Amino acid sequence: MTDQNWDSHLPLPYQSLSHYQWTPIQIVELTWEYLQKQTIRSVVDLGSGVGKFCLHLATLSKGRFPIVGIEDRSDLFTVSETLREKWNLSSVSFLNQSFLEDFPLGHSHYYAFNPLYETMKASFSIDMQKEKSALLFLQSVQILKNHLFRCKVGTKLITYHGFGGSVLPGYQLVLKKELEMGEWAVWERVV
Ligand SMILES: C[S@@+](CC[C@H](N)C(=O)[O-])C[C@H]1O[C@@H](n2cnc3c(N)ncnc32)[C@H](O)[C@@H]1O
């Protein structure tokens, strides 16, 4: 599978955003390589976009564990649902909600491709639906940190291009790869 191939299933405007907004296939594969050595209850993508991370991970893992994508933009949620149905990937489910307002507790692994960054930057935005504000960004990152703090010891957060901050209270950085396409890291909730 290549990015070009996967992205060709998207409506055209979303194909051109892929490089900036959707996880590259190589990163999904690297994450799968890591997950294969883990005991997994379920994986959640915080800000699942068009569903690229969730759907490709479900294909690679052959439905071995539940994968949940949470996306607050209804148009992106609809694209991900359409592809999920088309490819009959029953281990994936998508929820159209905000993880800041309604955080999904109880999963073993979380994934985030810097979902709050768009609050700060106007370039390569998905759309102009959301307010851009440095203050809002800082407040949102704090809310996310508070939610993650409530997760059980042993919970893992996998990040691509970070989660929006450099310090994550209650977590230890356990893995980090500086790749040409961006930083990939794993954080673990510790006592
Ligand atoms: C950089 S994209 C990553 C998309 C997907 N995880 C992937 O890697 O292909 C970040 C996504 O997070 C979504 N997002 C941002 N804030 C959110 C929130 N509070 N709740 C749910 N989704 C959110 C955005 O709409 C966007 O689709």
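Our subject in this report is the structure included herewith. What you are looking at is a predicted structure, and each value in this text was computed from that prediction instead of being measured.

About the thresholds
Residues numbered from 1 in each chain as written. Predicted model: local features only at pLDDT ≥ 70, side-chain atom pairs only at ≥ 80, totals over all residues. Heavy atoms only, no water. Helix = DSSP H or I, 4+ residues; strand = E, 2+ residues; numbered from the N terminus. Rg over C-alpha atoms; globule rule 2.2 N^0.38 Å. Buried < 20%, exposed > 50% of the residue type's maximum accessible area, 1.4 Å probe, protein only. Contact = heavy atoms within 4.5 Å. Areas by Shrake-Rupley, 256 points an atom, 1.4 Å probe, with all protein chains shown as cover. Lys, Arg positive; Asp, Glu negative; His and termini not counted. Charge placed at Lys NZ, Arg CZ, Asp CG, Glu CD. Salt bridge = Lys/Arg side-chain N within 4 Å of Asp/Glu carboxyl O. 1 Å grid on protein atoms, 1.4 Å probe; cavity = no way out; pocket = protein on both sides within 12 Å on 5 of 7 lines; lining within 4 Å. Points joined across faces, edges and corners; volume = space filled by probe spheres on them. Pairing = 2+ DSSP bridges. Right-handed = clockwise from strand over helix to strand, strands pointing away. Axes fitted to C-alpha atoms, helices over the stretch in contact; angles between N-to-C directions. Core = buried A, V, L, I, M, F, W, Y, C linked by side-chain atoms within 4.5 Å.

A few points about the overall build of the protein
Secondary structure assignment for the protein yields 7 helices and 7 strands. For the protein, the succession of helices and strands along the chain, N to C, is α-α-α-α-β-α-β-α-β-β-α-β-β-β. The C-alpha radius of gyration of the protein comes to 16 Å, within 12% of the 16 Å expected for a compact globule of 191 residues. Taken over the C-alpha atoms alone, the protein extends approximately 45 × 40 × 35 Å along its principal axes. Each of the 191 residues in the protein was classed as buried or not, and the buried ones make up 50%. A separation threshold of at least 6 residues defines the contact pool for the protein, and within that pool the share at least 24 residues apart is 68%. Surface accessibility of the protein: about 9,600 Å² in total, with carbon and sulfur atoms responsible for 53%. Separation of charge centres in the protein, based on 18 positive and 19 negative side chains, amounts to 7 Å.

So, the side chain of T119
With respect to the element layout, T119 can be found in the loop between β4 (109–112) and α7 (134–149). When its relative accessible area of 9% is taken as the criterion, T119 is described as buried. Ignoring sequence-local partners within four residues, the contact set of T119 consists of E131, K132, S133, L136 and F137.

Brief notes about the pattern of salt bridges
Within this structure, the stated rule accounts for 9 salt bridges. For the salt bridge of D3 with K52, the shortest nitrogen-to-oxygen distance reads 2.6 Å. One end of the pair, D3, is in helix α1 (residues 3–7); the other, K52, is in helix α5 (residues 52–61), and 49 residues separate them in sequence. Owing to a relative accessible area of 2%, K52 belongs among the buried residues under this scheme. Three or more residues joined by partner-sharing salt bridges are found here, namely D72, R73, E118, D127 and K130.

Let's talk about the layout of surface pockets
Of the volumes computed, that of the largest pocket is approximately 1,100 Å³. In terms of lining residues, the largest pocket is bounded by 47 residues, among which Q21, F113, N114, P115 and E118 are the most central. Broken down by secondary-structure element, the contributors of at least two residues to the lining of the largest pocket are α1, α3 (18–21), α5 and α7.

Considerations on the pairing of strand β1 (residues 43–46)
Every second residue of β1 is oriented toward a common face, with V43 and D45 on one face and V44 and L46 on the other, all of them buried. The sheet contact formed by β1 and strand β2 (residues 67–70) spans 4 bridges and is parallel. In the sheet register, L46 faces β2, and the bridge partner there is I70. Following the backbone out of β1, through α5 and into the adjacent parallel β2, one traces a crossover that is right-handed. For β1 and β4, the ladder comprises 3 bridges, and the chain directions are parallel. Across the sheet, residue D45 finds its bridge partner in β4, namely Y111.

Some words on the sheet that holds β2
The 7 strands are arranged β3-β2-β1-β4-β5-β7-β6 in an open sheet whose pairing can be described as mixed. Where the open sheet ends on each side, the last strands, each with one partner, are β3 (92–95) and β6 (171–179). In this sheet, neighbouring strand axes are inclined to one another by 15° on average, regardless of whether the strands run parallel or antiparallel. One ladder, built from 8 bridges, connects β6 with strand β7 (residues 182–189); its direction is antiparallel. Within the sheet, the bridge partner assigned to Q172 lies in β7 and is E188.

A few points about the nonpolar core
The nonpolar side chains of a soluble globular protein tend to be buried, and buried together. In this structure, L35 and L57 are the most contacted members of the largest nonpolar core, which totals 35 residues. Broken down by secondary-structure element, the contributors of at least two residues to this core are α4 (25–35), α5, α6 (74–86), β3, β5 (156–160) and β7. The greatest single-element share of this core, amounting to 7 residues, is contributed by α4. In contact with L57, other than residues within four places in its own chain, are V28, W32, L35, V43, F65 and I67.

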